[in-house]
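# Overview (structure and organization)
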Amino acid sequence: MSFVVLLVMTRKAKSGIINPSIKKDKEKVVDMVNVADVAFNDKGVAAYCRCWRSKTFPLCDGSHNAFNKEVGDNVAPLVLKK
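What counts as what
- Residues numbered from 1 in each chain as written.
- Predicted model: local features only at pLDDT ≥ 70, side-chain atom pairs only at ≥ 80, totals over all residues.
- Heavy atoms only, no water.
- Salt bridge = Lys/Arg side-chain N within 4 Å of Asp/Glu carboxyl O.
- Buried < 20%, exposed > 50% of the residue type's maximum accessible area, 1.4 Å probe, protein only.
- Helix = DSSP H or I, 4+ residues; strand = E, 2+ residues; numbered from the N terminus.
- Polar contact = N/O pair within 3.5 Å; in protein donor to acceptor, adjacent residues only side chain to side chain.
- Contact = heavy atoms within 4.5 Å.

### Remarks on the pattern of salt bridges
Enumeration over the complete set of coordinates arrives at one salt bridge. Asp31 serves as the salt-bridge partner of Lys23, at 2.7 Å between the closest nitrogen and oxygen. Note on Lys23: relative accessible area 36%, which makes it partly exposed.

What follows is the structure, given as structure tokens:
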């Protein structure tokens, strides 16, 4: 059995644009991840970006921390746990 994780963002930042640079050549950014292919870390966790600032998108690199301070938001990653 396999599952698919679908990441789609619709929330707008205060600037009006959520996604400043990821796959801007596409009409819509949709990333599908087969759960069987998720690379969990040694703690059994995988974090996926929801702020659109990660340099390792679709994986989270912690960029949301600076983004939250900049715009006063509270976005955090989607965290998958085994």
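Now, onward.
### A few points about the side chain of Asn19
Positionally, Asn19 belongs in the loop between strand 1 (4-7) and strand 2 (31-34). With relative accessibility at 9%, the residue Asn19 sits in the buried group. Here Ser21 takes part through its backbone nitrogen, which lies 3.1 Å from a polar atom of the side chain of Asn19. A distance of 2.7 Å separates a polar atom in the side chain of Asn19 from the backbone oxygen of Ile22.

### Digging into the environment of His64
Structurally, His64 is set in helix 1 (residues 64-71). In this structure His64 comes out as buried when scored by relative accessible area, which is 12%. Placed 15 residues apart in sequence, His64 and Cys49 show a C-alpha to C-alpha distance of 8.1 Å. Leaving out residues up to four positions away in the same chain, His64 has contacts with Cys51, Val75, Ala76 and Pro77.

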